[in-house]
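Remarks on the overall topology
Spelled out, the chains give:
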Amino acid sequence: MGTLRISKRMLYIFLPAGLSFLIGLGIGSHDFLPTQRGKSPDPPGQYTVPLSTFRLPDSISFCGEKVPLEIPDVRRRMEWAFYTQFSDGQIILDLKRSGEYFPYIEEKLQDMGMPSDLKYLPVAESALRNLVSDMGAAGIWQFTRGAAVHYGLTVNDYVDERYNFHKATIAALKYLSDLHARFGTWSLAAAAYNMGSNGLAESINYQHADSYYDLYLNDETSRFVFRIVALKQIMSHYKEYGFDLTPEDFYQPPETRLVVVTSIPNVASWSLSQGSNYKEVKELNPWISGGILPFGTWAVELPEYAQPILFTSPSSSEQGMLSSPDTLSVPPTSRVVAYVVKIGDTLDRIAARFGVSVSDVARWNNLSYRGFIRPGQKLLIHVDQQESQR
C-alpha cells in the first residue's frame, strides 16, 4: 500500500509537468509562422489567429515608397502599430466596412491617378465611421471645418457635407493631391493630412529633415503613417493572417436612387411622401443636419425601392398630416429668413408678420400645427422677395 501511494504521488507530480512540456514543444515548433488551422473544431468564420503569431514582413511600402525598416526606431514603431493597434474584432469590422466604401474610393483614386494605398487612410482616421474628433474633425475622412469649406464642402446649421461620403471623398483626394505636390512624398502628405500642412512645414523647416521617418512629431502623427501601413498589410492579406471572412461577410453599398431637390421644408414628411421614412433618409444622408434642407441644389439618396406617394386631400396639410412636396406653399421667388423667436411671439403673429400661413411655418420647421415655440428658437421662413420688406 505504501508503494502504491508513492506511485500515485509521483503520477500527480510528473504527469502535469510532462503534459506542459509536450504542449510547449508543439507551440515552439511554429516559430511565428502562420498558424495552420487544418480541421478546426470552431464553426467557419468564428476563429481568427492572433497577430502575435506572425512576424512583421522584412519589406513593406506605402504608396510605392519603401518604409525603411532597417532603421531600428522605424522598425519598432512599425511593430508597435502592427501588434498593438488593432484587435481582431476591429480588423473584422474594418474589413466588413471596406466592402461598402472601398469600391468608390478606389474608383476615384484611379480616376485621379493616385496610389491605391491611400484608401487605408480613412480607415486609420475613423475606422470608416462618421465620427467627430476632440478637435472637431468630422466624417469618415475627418475633415476640419476650415479644410472642408476650402475644398468646396458646405458646412452650416442645416448641412454638413463632411458627412457626405461621395463629396467628402473627392474633396479629401484633392487635398491629399495638393499636399503631395507641396511636400513631395505620400508619407509626408499623409502626415500633413493628420496634423495640418502648416504644422508639418514648420517641423520640417525647424528640424532640417525632409523625410517622415526622420522627423520628430507629435505622438499621433508620428504613428499615423505606421497605422496606415499596418492596416494595408493586414487588410490586404487578411486570409493569410487568419481572418476567415467570405465575400458575403463584407458590407455592400446600399442600393439607392438620387433625387435632386431645391429645398425640403420638412424632411420627415418629405421622406414619407417619397415612399421611405425619416430614419432611412437620415442614415443614407447623414450630411442633412436637421429636419430641413434650405434652398439650394441637393442630391438626396433614397432607397432604390422607394417611389413617390401622391396625396390629394387639401385638408390634410392643415391637420399636420402629409402633403405632396409640390403642394407646399413656398413662393416661387422666395428667400429663406432665419427668424429668432422673441418673448410674446406666437405662430400666428410670426406668420402674419411675414405674410405666410401658420401651417406653412409649422411645416417648414417640423412643428405640429399650432405647435409650442420658445424664445430664442430659430425658425425658417420662406419670404416672397417681390413683397415689400417687413
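In what follows, the structure referred to is the one given above.
None of these values were measured; they are calculated from a predicted model.

1. With respect to the overall build of the protein chain
Across its full length, the protein chain carries 13 helices and six strands. Burial statistics for the protein chain: of 390 residues in total, 44% are counted as buried. Summarising the internal contacts of the protein chain: among those between residues at least 6 apart in sequence, 64% fall at separations of at least 24. Carbon together with sulfur atoms contributes 55% to the accessible area of the protein chain, which is approximately 21,300 Å² in total.

2. A word on the environment of Ala148
With respect to the secondary-structure elements, Ala148 resides in helix H5 (residues 145-150). Residue Ala148 is classed as buried on the basis of its relative accessible area, which comes to 0%. Note: C-alpha distance between Ala148 and Ala172 (24 residues apart in sequence) is 8.5 Å. Contact partners of Ala148, with chain neighbours within four places excluded, come to Phe143, Leu153, Val155 and Arg162.

3. Overview of unusual backbone geometry
For Ala127, which is not glycine, the phi torsion reads 55° and is therefore positive. Inspection of the secondary structure puts Ala127 in the loop between helix H4 (121-126) and H5. Look at Ala127 and you get buried, because its relative accessible area is 16%. Positive phi, close to 55°, is recorded for Gln142, a residue that is not glycine. Its location among the elements puts Gln142 in the loop between H4 and H5. Relative accessible area serves as the criterion here: at 12%, Gln142 is assigned to the buried category.

4. Some thoughts on the nonpolar core
Ranked by internal contacts, the top residues of the largest apolar core, which has 72 residues, are Phe62, Trp141, Phe143, Tyr193 and Leu200. Of all the elements in the fold, those that place two or more residues in this core are helix H2 (72-84), helix H3 (88-111), H4, H5, helix H6 (165-183), helix H7 (186-195), helix H8 (197-207) and helix H9 (219-236).

5. Overview of the packing of H7 against H9
Where H7 meets H9, the axes come as close as 9 Å, and the angle between the chain directions of the two elements is 125°. On the basis of their axis angle, the class for H7 and H9 is oblique. Our pair here, H7 against H9, has a crossing hand that is right-handed. For the pair H7 and H9, contact is made by Ser187, Ala190, Ala191, Asn194 and Met195 and by Glu220, Thr221, Phe224, Val225 and Ile228, respectively. The residue makeup of the contact of H7 with H9, split by class, is six nonpolar, three polar and one charged.

6. Quick look at H6
Two residues of an α-helix separated by three or four positions point the same way, owing to the 3.6 residues in each turn. With 19 residues, H6 extends 26 Å between its outermost C-alpha atoms, agreeing within 8% with the 27 Å of an ideal straight helix rising 1.5 Å per residue. Every buried residue of H6 is listed here: Phe165, Ala168, Thr169, Ala171, Ala172, Leu173, Tyr175, Leu176, Leu179 and Phe183. As for H6, its buried residues are in contact with H3, H4, H5, H7 and H8. A positive backbone phi angle near 95° is found at Gly184, which sits one or two residues after H6.

The rules behind the values
- Residues numbered from 1 in each chain as written.
- Predicted model: local features only at pLDDT ≥ 70, side-chain atom pairs only at ≥ 80, totals over all residues.
- Heavy atoms only, no water.
- Helix = DSSP H or I, 4+ residues; strand = E, 2+ residues; numbered from the N terminus.
- Buried < 20%, exposed > 50% of the residue type's maximum accessible area, 1.4 Å probe, protein only.
- Contact = heavy atoms within 4.5 Å.
- Areas by Shrake-Rupley, 256 points an atom, 1.4 Å probe, with all protein chains shown as cover.
- Core = buried A, V, L, I, M, F, W, Y, C linked by side-chain atoms within 4.5 Å.
- Axes fitted to C-alpha atoms, helices over the stretch in contact; angles between N-to-C directions.
- Parallel < 35°, antiparallel > 145°, perpendicular 65-115°, else oblique.
- Left-handed = near helix turned anticlockwise from the far one by under 90°.
- Nonpolar A, V, L, I, M, F, W, Y, C, P; charged D, E, K, R; others polar.
- Expected span 1.5 Å × (residues − 1).

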